[in-house]
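What follows is each chain in one-letter form.
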Amino acid sequence: MLIFALILLVITLTYAYGAKSAAPWVPMRADDLGRVLKILQQFPEVKKVVELGAGDGRLLALTAQSGYVSEGYEISLLPYVIAQVRKFKRHLNYTIHYRSFWGANLSSANAVYFFLMPQILEKTKAKLLSELKPGSLVLSYTWGLPGLTPVLIDIVPERPKIFVYKVGYEGK
């Protein structure tokens, strides 16, 4: 019983840390995962997709199955374990790191996706603009990045918006 309580405590603490530092784990609907993939497919220059707060790895699995080099970062233990189980069970080729993306170097990505809380989007924007190469895509689920002009906003009635940015794009 003590071991179960300790495991539950660790899972709860990592979930709380994730919620405080970037976003709680809230899985996207399957049809929204498809929307993200369709957006990526509109940009043939995209080869490597990085997900910040990868959760249970469903988007990583989808992008890997679609031929992208896929990499993610997750700091909540339970979603990370689910993502690893999914990867090995389905024999998928993606990488998920059990650590914060804040210390990661994102310069090799040419597309970055996230579903993060609005209060950290300014800090996220600064990181992305300092590390990504011009022309790299940034996809933000639900909330736009402050001060940037999207190249595309994917709008589906009664679903969250997906904001798409290109690093170096100034808008018209």
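Quick caveat: nothing in here was measured; it's all calculated off a predicted structure. (Residues numbered from 1 in each chain as written. Predicted model: local features only at pLDDT ≥ 70, side-chain atom pairs only at ≥ 80, totals over all residues. Heavy atoms only, no water.)

**Some points on the nonpolar core**
- Among the nonpolar cores identified, the biggest contains 19 residues, and Leu-52, Leu-106, Val-112, Phe-114, Leu-128, Leu-132 and Val-138 are the most heavily contacted of them.
- At the level of secondary structure, the elements contributing two or more residues to this core comprise strand 1 (48-52), strand 4 (111-114), helix 5 (121-131) and strand 7 (162-166).
- Each residue touching Leu-128, except ones within four places of it in the same chain, is listed here: Leu-52, Leu-106, Val-112, Phe-114 and Val-138. (Core = buried A, V, L, I, M, F, W, Y, C linked by side-chain atoms within 4.5 Å. Buried < 20%, exposed > 50% of the residue type's maximum accessible area, 1.4 Å probe, protein only. Helix = DSSP H or I, 4+ residues; strand = E, 2+ residues; numbered from the N terminus. Contact = heavy atoms within 4.5 Å.)

**Describing unusual backbone geometry**
- In this structure, His-91 takes a positive phi of about 55° despite not being glycine.
- Its location among the elements puts His-91 in the loop between helix 4 (77-89) and strand 3 (95-98).
- Taking the relative accessible area as the measure of exposure, His-91 reaches 72% and is therefore exposed.
- Phi angles above zero are rare outside glycine, and Glu-158 is one such case at about 60°.
- Locating Glu-158 in the fold gives a position in the loop between strand 6 (152-154) and strand 7.

**Re helix 3 (residues 58-65)**
- The complete set of buried residues in helix 3 reads Leu-59, Leu-60, Ala-61, Thr-63 and Ala-64.
- The inward-facing, buried residues of helix 3 abut helix 2 (30-41), strand 1, strand 2 (69-74), helix 4, strand 3 and strand 4.

**Things to note about the sheet that holds strand 1**
- The sheet built from seven strands is open, its strands ordered 3-2-1-4-5-7-6 with mixed pairing. Pairing within the sheet leaves two strands with one partner each, and these edge strands are strand 3 and strand 6. Between one strand and the next, the sheet's axes are offset by a mean angle of 15°, whatever the strand orientation.
- On the sheet, helix 2 packs against strand 1, strand 4, strand 5 (137-141), strand 6 and strand 7 and is oriented at approximately 25° with respect to strand 7.
- Those strands touched by helix 5 are strand 1, strand 4 and strand 5, and its axis lies near 170° from that of strand 4. (Pairing = 2+ DSSP bridges. Axes fitted to C-alpha atoms, helices over the stretch in contact; angles between N-to-C directions.)

**Focus on the side chain of Ser-140**
- Take Ser-140: it is sitting in strand 5.
- A polar side-chain atom of Ser-140 sits 2.4 Å from the main-chain carbonyl oxygen of Trp-143.
- When neighbours within four sequence positions are excluded, Ser-140 is seen to be in contact with Phe-114, Lys-161, Ile-162, Phe-163 and Tyr-165. (Polar contact = N/O pair within 3.5 Å; in protein donor to acceptor, adjacent residues only side chain to side chain.)

**Some points on helix 5**
- Here helix 5 has its buried residues at Leu-121, Thr-124, Lys-125, Lys-127 and Leu-128. Along helix 5, the residues classed as buried sweep out an arc of 165° about the axis, all on the same side. Counted as exposed and oriented over 90 degrees from the buried face of helix 5: Lys-123 and Ser-130.
- Contacts from the buried residues of helix 5 go to strand 1, strand 4 and strand 5. (Arc of directions from axis to C-beta.)

**Quick word on the pairing of strand 5**
- Burial of strand 5 is extensive: five of the five residues sit out of reach of the surface.
- Side-chain alternation along strand 5 places Leu-137, Leu-139 and Tyr-141 on one buried face and Val-138 and Ser-140 on a second face that is also buried.
- In this sheet, strand 5 lies alongside strand 4 in parallel orientation, the contact comprising four bridges. Across the sheet, residue Tyr-113 finds its bridge partner in strand 5, namely Leu-139.
- You can see the chain leave strand 4, run along helix 5 and come back into strand 5, and the turn it takes is right-handed. (Right-handed = clockwise from strand over helix to strand, strands pointing away.)

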